[in-house]
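Results of the structural survey
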Amino acid sequence: MYPRTMNILGIETSCDETAAAVVQDGRIILSNIVASQIDIHAQFGGVVPEIAARSHIEAMLPVVQQALDQAQLNWDQIDGIAVTAGPGLLGSLLIGTLTARTLAELHHKPLYAINHVEAHVYANFLQPAPLLSSPTERPSASSVYPMSSAASDRGSRSQDSHQPQFPLLALIVSGGHSQIVLFQDHHHYQVLGQTQDDAAGEAFDKIAKLLGLGFPGGPALEKTAKNGNPTAYIFPKAKLGKDSLDYSFSGVKTAVLRKAQELVGKDHTTHSSALAALLTEQQKNDLAASFQKTVIDTLVDRVLIAYERHHPQTVVIAGGVAASQALRNELKRRLPIDINYAPMNLCTDNAAMIASLGYWYALNGKTTDPHDLVADSSLQMHSTAH
Ligand code: KG4
Ligand code: ZN
């Protein structure tokens, strides 16, 4: 028998965020701590794996303790530990998984090995705990008033209708992964399409770097694109077969590089790092806007086809790129149903989403023996249903 309410501690260290969170019944965020290393990596223009791993070691245990403190819970009140097993940077994953294994053994808690990409979708199931005067007044999942996602755009909705419904179509787009997945239910999904090369966020980051916009690139590029003309330059949208929902961003990336070289009067041998200093502000704005439009159109085209084929009840966008207002707007404009997306801090990497998916693992009995937990840097989502 499971307890009436279940508090799962989530641990996430797949990239450059050291994160821990406690989530009740897969939905209610009791705490959500994220120690970001962005300032450390920004000076190198991207995440340096060795530095990330070292920073995780320093931050991990204090972050876990903060998550328990913020939740006002002790170890006796934690029902299980969910940890990102992959994909991600191996050195970073090792710190999180080693911590989770040790804590699971020490405190005799079941352990859940979570796929980070799948967990991004669960940001859409999360809601904040109401302000409580004492920890004994913990809410049950059904007593919490919903917030979040597009719900606020839609006016009043009933509590349960806030939760995404199945079948659920998810566009998962972040710095390390990009796929379109159809969930028939928790644990039952079909990967409909994925990138053949760069992840969407990675493409944003690389073009932002070319334009000298800093790191992380996505938000900076979106800001720059606001001042540009999205049709100033026409970049190619890769087509990968008539029925395919896969996509590719290497072509558009190269096209932006070539256009930038042409605009500054240089040939294709000019290194991308030399271009930012030579481009005018307007050229940068127009390149950013035209590139962003191409990537977003590519993603939205695929989501629309998937929607028409499968008629899901809910469409969610998840992962760091889901923070893009331009992507949200375009999906809203072209899809016949509302889309769900989480607040900004839950779209990017966090441990609350890991804890949320951990709850569904717990309900399904999908535990992992601490001795068998493996950090897998290239862990895939494999279709479970066809
Ligand atoms: O999910 P996430 O925090 O980390 C990974 O698991 O990769 O996603 C980070 C990615 C970065 O590539 C970042 O540039 C991108 O999300 N991103 C955006 C925006 N905000 C973040 N991309 C486009 N537009 C944005 N507004
Ligand atoms: Zn992520």
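Check the entry above for the structure.
Overview of the structure. From a predicted model like this one, the values you see are computed outputs, not experimental measurements.

Within the protein chain, the regular secondary structure consists of 11 helices and 11 strands. Here the C-alpha radius of gyration of the protein chain, 21 Å, is about what a compact globule of 386 residues would show, namely 21 Å. Considered along the principal axes of its C-alpha atoms, the protein chain spans approximately 70 × 45 × 40 Å. The buried share among the 386 residues of the protein chain stands at 55%. Once local pairs closer than 6 in sequence are excluded, the contacts in the protein chain between residues at least 24 apart make up 73%. As presented, the protein chain carries roughly 16400 Å² of accessible surface, and 52% of it is formed by carbon and sulfur atoms.

This paragraph deals with the site of ligand 1. Taken together, the neighbourhood of ligand 1 is formed by 20 residues, with Gly-175, Asp-205, Gly-218, Glu-222 and Gly-320 sitting nearest. At 3.1 Å from an oxygen atom of ligand 1 is found a side-chain nitrogen or oxygen belonging to Ser-174. Between ligand 1 and Gly-175, the relevant distance is 2.8 Å, taken from an oxygen atom to a main-chain nitrogen or oxygen of the residue. Burial of ligand 1 by the protein chains amounts to 90% of its free accessible area of 550 Å². Counting only elements with at least two residues in the shell around ligand 1, the list comes to helix H4 (116-122), helix H5 (200-210) and helix H6 (217-225). Class assignment for the residues of the shell around ligand 1 results in four nonpolar, 13 polar and three charged.

This part is about the coordination of the zinc ion (ligand 2). Those protein atoms acting as donors to the zinc ion (ligand 2) are His-116 (NE2), His-120 (NE2) and Asp-349 (OD), and they sit at 2.0 to 2.1 Å. The coordination sphere of the zinc ion (ligand 2) comprises four donor atoms, whose angles at the metal cover 93 to 149 degrees; the geometry is irregular. Donor residues binding the zinc ion (ligand 2) come from one chain and are separated in sequence as H-x3-H-x228-D. Residue His-116 and its partner His-120 are located together in helix H4, separated by four residues, close to a single helical turn.

At 3.6 residues per turn, the α-helix brings residues three or four places apart onto the same side. End to end, helix H8 (residues 281-310) covers 43 Å across 30 residues, agreeing with the expected 44 Å (1.5 Å per residue, within 8%). Once H8 ends, the next one or two residues include His-311, with phi positive near 40 degrees.

A few words now on unusual backbone geometry. Note that the residue after Gly-86, namely Pro-87, is joined by a cis bond; omega there is -10 degrees. Among the structural elements, Pro-87 can be located in the loop between strand E4 (80-86) and helix H3 (90-107). Omega for the peptide link from Phe-166 to Pro-167 comes to -5 degrees, which places this bond in the cis form. Residue placement: Pro-167 occurs in the loop between strand E6 (127-128) and strand E7 (168-173).

Further remarks concern the packing of aromatic side chains. The tally for this structure, following the rule as stated, stands at seven aromatic pairs. For the ring pair Phe-183 and Tyr-189, a centre distance of 5.3 Å and an interplane angle of 50 degrees mean the geometry is tilted. The residues Phe-183 and Tyr-189 share a single accessibility class, namely buried. Ring geometry for Phe-204 against Phe-291: centres 5.5 Å apart, planes inclined by 75 degrees, an arrangement best described as edge-to-face. With Phe-204 in helix H5 and Phe-291 in helix H8, this pair connects stretches of sequence that are 87 residues apart.

We now examine the side chain of His-120. Taking relative accessible area as the criterion, His-120 reaches 1% and is therefore assigned buried. Side-chain polar atoms of His-120 contact the side chain of Asp-349, separated by 3.1 Å. Setting aside residues no more than four positions away along its own chain, His-120 makes contact with Ile-172, Ser-174, His-177, Ala-318, Gly-319, Gly-320, Cys-347, Thr-348, Asp-349 and Met-353.

What follows covers the pairing of E4. Counting buried residues along E4, seven of its seven residues qualify, which places the element largely inside the surrounding structure. One ladder, built from four bridges, connects strand E1 (residues 7-12) with E4; its direction is parallel. When the sheet's bridge partners are listed, Ile-11 is paired in E4 with Val-83. Two elements, E4 and strand E5 (residues 111-115), share five bridges in a ladder whose sense is parallel. Bridge pairing links Val-83 to Ala-113 in E5.

Let us now look at the sheet that holds strand E9 (residues 188-194). The strand order E9-E8-E7-E10-E11 describes an open sheet built from five strands, whose pairing is mixed. Two strands in the sheet have a free side with no partner beyond their single neighbour: E9 and strand E11 (339-341). Geometrically, the sheet is characterised by an average inter-axis angle of 25 degrees between neighbouring strands, direction not taken into account. Note: E7 against strand E8 (residues 178-185), six bridges, orientation antiparallel. For Leu-168, the partnering residue across the bridge sits in E8 and is Phe-183. This element, H8, spans E7, E8, E9 and strand E10 (314-318) of the sheet and lies at about 165 degrees to E7.

Conventions used here
Residues numbered from 1 in each chain as written. Chains lettered and ligands numbered in written order. Predicted model: local features only at pLDDT ≥ 70, side-chain atom pairs only at ≥ 80, totals over all residues. Heavy atoms only, no water. Helix = DSSP H or I, 4+ residues; strand = E, 2+ residues; numbered from the N terminus. Rg over C-alpha atoms; globule rule 2.2 N^0.38 Å. Buried < 20%, exposed > 50% of the residue type's maximum accessible area, 1.4 Å probe, protein only. Contact = heavy atoms within 4.5 Å. Areas by Shrake-Rupley, 256 points an atom, 1.4 Å probe, with all protein chains shown as cover. Near = heavy atom within 4 Å. Polar contact = N/O pair within 3.5 Å; in protein donor to acceptor, adjacent residues only side chain to side chain. Nonpolar A, V, L, I, M, F, W, Y, C, P; charged D, E, K, R; others polar. Donors = N, O, S within 2.8 Å, 3.2 Å for Na, K, Ca; no water. Tetrahedral: all angles 85-135°; square planar, octahedral: opposite > 155°, others 65-115°. Expected span 1.5 Å × (residues − 1). Phe/Tyr/Trp six-rings, centres within 6.5 Å; stacked < 30°, edge-to-face > 60°. Pairing = 2+ DSSP bridges. Axes fitted to C-alpha atoms, helices over the stretch in contact; angles between N-to-C directions.

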